Amino acid sequence: MNTVHHHDRNKEWAVGTVSKLSPMNDPWDPIGSLKRYGEHRLTSVEMTVAQVCNMRCEHCAVGHTLIMREPNMLPLDLMLKKLDQVRDLETISITGGEPTFHMSTVKDYIIPILKYARERGIRSQLNSNVTLDYARYEMIAPYLDVMHISFNYTNAMDFHEVGFVHSNHQISSSVTGKWFDQMMENTRKLTEGGLLVSAESMINYRTHHKLGEIHRLIDEMGCQRHEVHPMYPSSFASSLPVLSIDNFRQSINQLLDVRNKEMWMLFGTLPFYGCSTNPEDHTLLKRLYEEPNVTVRNDPDGRNRLNVNMFNGEVYVTDFADIPSFGSIYEEELDDIFNRWLSTHPLAQSVNCHCPSAACCGPNLLVANMYYPNVDFMNRQSNITLG
Ligand code: SF4
């Protein structure tokens, strides 16, 4: 464990220790900073650096914003200055589209931002499909903490069906097959080189009965973490069949039965809470808590994280569809935008609950809206005690 001191012009950042990421140490989980400060703070900034992608996944959460040619990005110096101003920053994430699509983005934005994070002692994640040539990922790896990939496939045909369904021109399965092989090969090389690769699968109508097989392939590629989220209907996914809460519960239990218990499994945006009145939810939450190397991450959106669109400077607090941009980095500091959201927005207040006994700090807004439209979470309490 190394203590990081960083001096910048007139100030020293409040950075603590940089310790290995593990099931015991996930700085993306907002409950860590909530416990430490007694309130939610902005500790995580996500930056959207691409609106282009070689894929068009049927579940893509930003599918409708993908374009063919993108405008210029805002100056790197401005973004670094804005990060500098975030007092309690602990993590950054870089996302797209496919962030590595243009080599110029890799060289002029991604690597400088990752270097900044390293120097400041904060953790970094890049969301990529890793289907492109290995050289660009190799350039990035030395500066990165977590390479986050999507993996919802059992074979190349799955990849073809899931990944290109919204393309506006036909892409042959021989082309997508090559990308599939390259993705698996790139992932193997990155994990062999020691980079933490976290593969995310979603539980949806296609995957819910074959998560065990998907998990096996993720294990085979050497991924150190498997991240699992239920799929909720936003953007491209809004027209897909929806699974019931019972389906989600069942497929998580099945996956836990067959998984590699040595691998870190991270579940997120789950629709199960300690305040549920359903004993099956309690049983599952207890199982998740007690299983070795399994964690349940609280939802960061609007709790400890903001998203900055690097093309126009707009700032988003959550991908909940009802909330458009909540400010601009041209006009305000990120801490101020975040505090304004927390203290003034009724939706932020509606899910701002915290039950330490269930290690829970409230539901995701989209989940609350979809599955619990009439529940007032601010008037509920956990019915279980974990640990
Ligand atoms: S923090 Fe909120 S969602 Fe979680 S158990 Fe408590 S009342 Fe329920």
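One can find the structure itself at the top, above this paragraph.
All values derive from a computational prediction rather than experimental measurement.

Some details on the site of the ligand
1) Next: The local shell around the ligand holds 15 residues, among which Gly274, Cys275, Cys353, Cys355 and Cys360 are the closest.
2) Next: Each residue belonging to the shell around the ligand can be placed in one class, and the counts come to nine nonpolar, five polar and one charged.

Focus on the pairing of strand 10 (residues 225-230)
1) Next: The buried fraction of strand 10 amounts to five of the six residues, a majority that puts the element mostly inside the structure.
2) Next: Once you follow strand 9 (residues 196-203) into helix 7 (residues 211-220) and on to strand 10, the crossover reads as right-handed.
3) Next: As judged from the four bridges shared by strand 10 and strand 11 (residues 264-268), these two strands associate in the parallel manner. Considered in strand 11, the bridge of valine 228 is made with phenylalanine 267.

Thoughts on the sheet that holds strand 9
1) Next: Strand order in the open sheet formed by 11 strands is 12-11-10-9-8-7-6-5-13-14-15, and the pairing between neighbours is mixed. Edge strands, defined here as strands with exactly one partner in the open sheet, are strand 12 (294-297) and strand 15 (327-328).
2) Next: Relative to strand 7 (residues 123-127), strand 6 (residues 91-95) runs parallel, the two sharing four bridges. Note that in strand 7 the partner of isoleucine 92 across the bridge is serine 124.

Considerations on the nonpolar core
1) Next: Counting 96 residues, the largest nonpolar core has Val45, Met47, Ile110, Met147, Leu306 and Leu334 as the members making the most contacts within it.
2) Next: Ranked by the residues each element gives to this core, the list is headed by helix 3 (residues 103-120), at six residues.

As for unusual backbone geometry
1) Next: Note the cis peptide between glycine 96 and glycine 97, where omega equals 20°.
2) Next: Within the secondary structure layout, glycine 97 lies in the loop between strand 6 and helix 3.
3) Next: One non-glycine residue, valine 130, adopts positive backbone phi at about 40°.
4) Next: Position of valine 130 among the secondary structure elements: in the loop between strand 7 and helix 4 (134-140).
5) Next: When the 26 C-beta atoms within 10 Å are taken as the criterion, valine 130 is described as buried.
6) Next: Not every positive phi belongs to a glycine, and asparagine 293 is a case in point at roughly 60°.
7) Next: Along the chain, asparagine 293 falls in the loop between helix 9 (279-290) and strand 12.

Some points on the packing of helix 8 (residues 245-258) against helix 9
1) Next: Look at helix 8 against helix 9: their axes get within 11 Å of each other, and the N-to-C directions meet at 30°. In terms of orientation, helix 8 lies roughly parallel with respect to helix 9. For the crossing formed where helix 8 meets helix 9, the hand is left-handed. Of helix 9, the residues touching helix 8 (which contributes Arg249, Ile252, Asn253 and Leu256) are Glu280, Leu284 and Arg287.

Thoughts on the environment of serine 93
1) Next: Along the chain, serine 93 turns up in strand 6.
2) Next: Taking the C-beta count within 10 Å as the criterion, serine 93 has 21 such neighbours and is therefore assigned buried.
3) Next: With 53 residues separating them along the chain, serine 93 and valine 146 place their C-alpha atoms 9.1 Å apart.
4) Next: The contact partners of serine 93, leaving out residues within four places of it in the chain, are Glu46, Gln125 and Asn127.

Some remarks on helix 1 (residues 30-37)
1) Next: Pro30, Ile31, Ser33 and Leu34 are the residues of helix 1 that are buried. Seen along its axis, helix 1 keeps its buried residues to an arc of 165°; they face one direction.
2) Next: Residue glycine 38 follows helix 1 closely and has a positive phi angle near 75°.

Reading the values: the criteria
- Residues numbered from 1 in each chain as written.
- Predicted model: local features only at pLDDT ≥ 70, side-chain atom pairs only at ≥ 80, totals over all residues.
- Near = placed C-beta within 6 Å.
- Nonpolar A, V, L, I, M, F, W, Y, C, P; charged D, E, K, R; others polar.
- Buried ≥ 20, exposed ≤ 12 C-beta atoms within 10 Å, placed from the backbone.
- Helix = DSSP H or I, 4+ residues; strand = E, 2+ residues; numbered from the N terminus.
- Right-handed = clockwise from strand over helix to strand, strands pointing away.
- Pairing = 2+ DSSP bridges.
- Core = buried A, V, L, I, M, F, W, Y, C linked by C-beta atoms within 7 Å.
- Axes fitted to C-alpha atoms, helices over the stretch in contact; angles between N-to-C directions.
- Parallel < 35°, antiparallel > 145°, perpendicular 65-115°, else oblique.
- Left-handed = near helix turned anticlockwise from the far one by under 90°.
- Contact = placed C-beta atoms within 7 Å.
- Arc of directions from axis to C-beta.

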